[in-house]
Amino acid sequence: MYPKLEVYPGKIKNNTEIIKKLCKKNNIKLAVVSKGANNIPEVVEALIAGGADYLADSRIKRFKKLRSFVKNLPLMLLRIPGPGEIKEVIKYADISLNSEIEIIKLLNEEAKIQSKMHKIVYMLELGDLREGVYPAEKVIEKIKEVNKLSNISLEGIGTNLSCYGGIKPDEKNLGKLSDLAKKIEKQFNQKLNIVSGGSTTSLPLLLDDKMPKKINNLRIGESILLGRDIESLWDYNIKGIKKDTFILKAEIIELKDKPSKPFGQPFVDAFGHKPSFEDHGKRKRAILGIGKADFVYPDQLIPLKEGIEILGASSDHLIVDVEDVEEDLSLGDIINFNLFYGPMLYLTASSLVEKEIINWR
Ligand SMILES: *Cc1c(COP(=O)(O)O)cnc(C)c1O
């Protein structure tokens, strides 16, 4: 049945190995981030087989299942926990990223109840304006409080960049993280096992040999699962990375010559937007049996057949121009696409899209 998402864990393993090697060369431990692929078990297996040092995911709701098949690797919770998630965090996560001392105290109380030590990474705000203590120097006071808690251990500090505010990781912001790490180690006479310098977007610094030396951990998802955004947005091509780790397959359900400009009274589309069109005369168009409900962003799909142009989508229909396709297409033909991160995130989680694991075990 279509639509179908082909998943290639072997290629994801290959990508993990390449990033791991790059990290290892720079004394950096690799927390592989599986959230972009909704923790498809074979993908998680591939990430582990490729050399992940930690397995990281953003949603505690997925950890119970993750824990059931990840036995020998620390699980890291990426999204700072909320007051309603404390029990699960202590039960299933080994390490969590945190930015609120009140929450850390709740984690401590729950860890006492469950007789566990829970590790935390204290997040610092360095400009992107998502999670983290601000100003970053305040972390020193916070650590004094953390060190009083019996069942919490400070595993390290970290930061998150180029997510909300679009701020680039550089020698200045990561240099600050690095300096604060040194200061903390000296002042508290305790080693930080984790100084976590961000995600895929921190790789350019590593590739340019500009990563501050104290950074010893990165949390990497995109460049392992896809390797496409880092190339097209940041213009960094990491040698050997396979970008065709997922292939979306959708079926042609209508194929007709139609005008390229809608006719009748212009009003709004299914999502309340007023679309505009240029008139290119009559063109051959296909409707594919998949839609925004599955991938959200039609413009982030990459058609693998030459001559196909994505025109748009409604919730269940993807409309493509096929006038320039050389061969003769027919109803029922399958059209293939590669993906950017957004569609990968949604398609892997969509219960309406069948997943097929290719060439794995
Ligand atoms: C998603 C996420 C990452 C991974 O980002 P990529 O761009 O996929 O490498 C790292 N850290 C945190 C806190 C995240 O939420």
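Heads up: these notes are all about the structure in this document. The shown structure was predicted, so the numbers you read here are calculated from the model rather than taken from an experiment. (Residues numbered from 1 in each chain as written. Predicted model: local features only at pLDDT ≥ 70, side-chain atom pairs only at ≥ 80, totals over all residues. Heavy atoms only, no water.)

### Looking at the packing of helix 6 (residues 139-146) against helix 7 (residues 171-188)
Contact pair helix 6 / helix 7: the axes reach a minimum separation of 11 Å and the direction vectors enclose 40 degrees. The orientation of helix 6 with respect to helix 7, classified from their angle, is oblique. For the pair helix 6 and helix 7, the sense of crossing is right-handed. Contact residues: Val139, Ile140, Ile143 and Lys144 in helix 6; Lys183, Ile184, Gln187 and Phe188 in helix 7. Looking at the contact of helix 6 with helix 7 residue by residue, the classes come out as 5 nonpolar, 1 polar and 2 charged. (Axes fitted to C-alpha atoms, helices over the stretch in contact; angles between N-to-C directions. Helix = DSSP H or I, 4+ residues; strand = E, 2+ residues; numbered from the N terminus. Parallel < 35°, antiparallel > 145°, perpendicular 65-115°, else oblique. Left-handed = near helix turned anticlockwise from the far one by under 90°. Contact = heavy atoms within 4.5 Å. Nonpolar A, V, L, I, M, F, W, Y, C, P; charged D, E, K, R; others polar.)

### Brief notes about the packing of aromatic side chains
Across all of its chains, the model carries 1 aromatic pair by this definition. For Lys11, the ring lying beneath its charged end belongs to Tyr8, and the centroid distance is 4.2 Å. (Phe/Tyr/Trp six-rings, centres within 6.5 Å; stacked < 30°, edge-to-face > 60°. Lys NZ or Arg CZ within 6 Å of the ring centre and 35° of its normal.)

### Some thoughts on helix 7
When the terminal C-alpha atoms of helix 7 are compared, their 25 Å separation across 18 residues agrees well with the 26 Å that a helix rising 1.5 Å per residue should span. Those residues of helix 7 that fall on the buried side of the exposure criterion are Asn173, Leu174, Gly175, Leu177, Ser178, Leu180, Ala181, Ile184, Glu185 and Phe188. Among the structural elements, strand 6 (118-124), helix 6, strand 7 (152-159), strand 8 (194-196) and helix 8 (203-207) are those in contact with the buried residues of helix 7. Residue Asp170 occupies the N-cap position of helix 7, its side-chain oxygen lying 2.9 Å from the main-chain nitrogen of Lys172. (Expected span 1.5 Å × (residues − 1). Buried < 20%, exposed > 50% of the residue type's maximum accessible area, 1.4 Å probe, protein only. Polar contact = N/O pair within 3.5 Å; in protein donor to acceptor, adjacent residues only side chain to side chain.)

### Observations concerning unusual backbone geometry
Looking along the chain, the bond that leaves Tyr2 and enters Pro3 is cis, with omega of 0 degrees. You can see Pro3 is positioned in the segment before strand 1 (4-7). Pro135 follows Tyr134 through a cis peptide bond whose omega is -10 degrees. Located in the positive-phi region is Ser162, a residue other than glycine, with phi close to 45 degrees. Looking at where Ser162 falls in the secondary structure, it is placed in the loop between strand 7 and helix 7. Assessed through its relative accessible area of 19%, Ser162 is described here as buried. Even without a glycine there, the phi angle at Arg361 is positive, about 60 degrees. Summarising the element assignment, Arg361 is placed in the segment after strand 16 (354-357).

### With respect to the side chain of Glu131
Position of Glu131 relative to the elements: it lies in the loop between strand 6 and helix 6. Assessed through its relative accessible area of 8%, Glu131 is described here as buried. A distance of 2.7 Å separates polar atoms of two side chains, one belonging to Glu131 and the other to Arg130. When sequence neighbours within four positions are dropped, the list of residues in contact with Glu131 reads Leu78, Ile80, Ser99, Met123, Leu124, Glu125 and Asn160.

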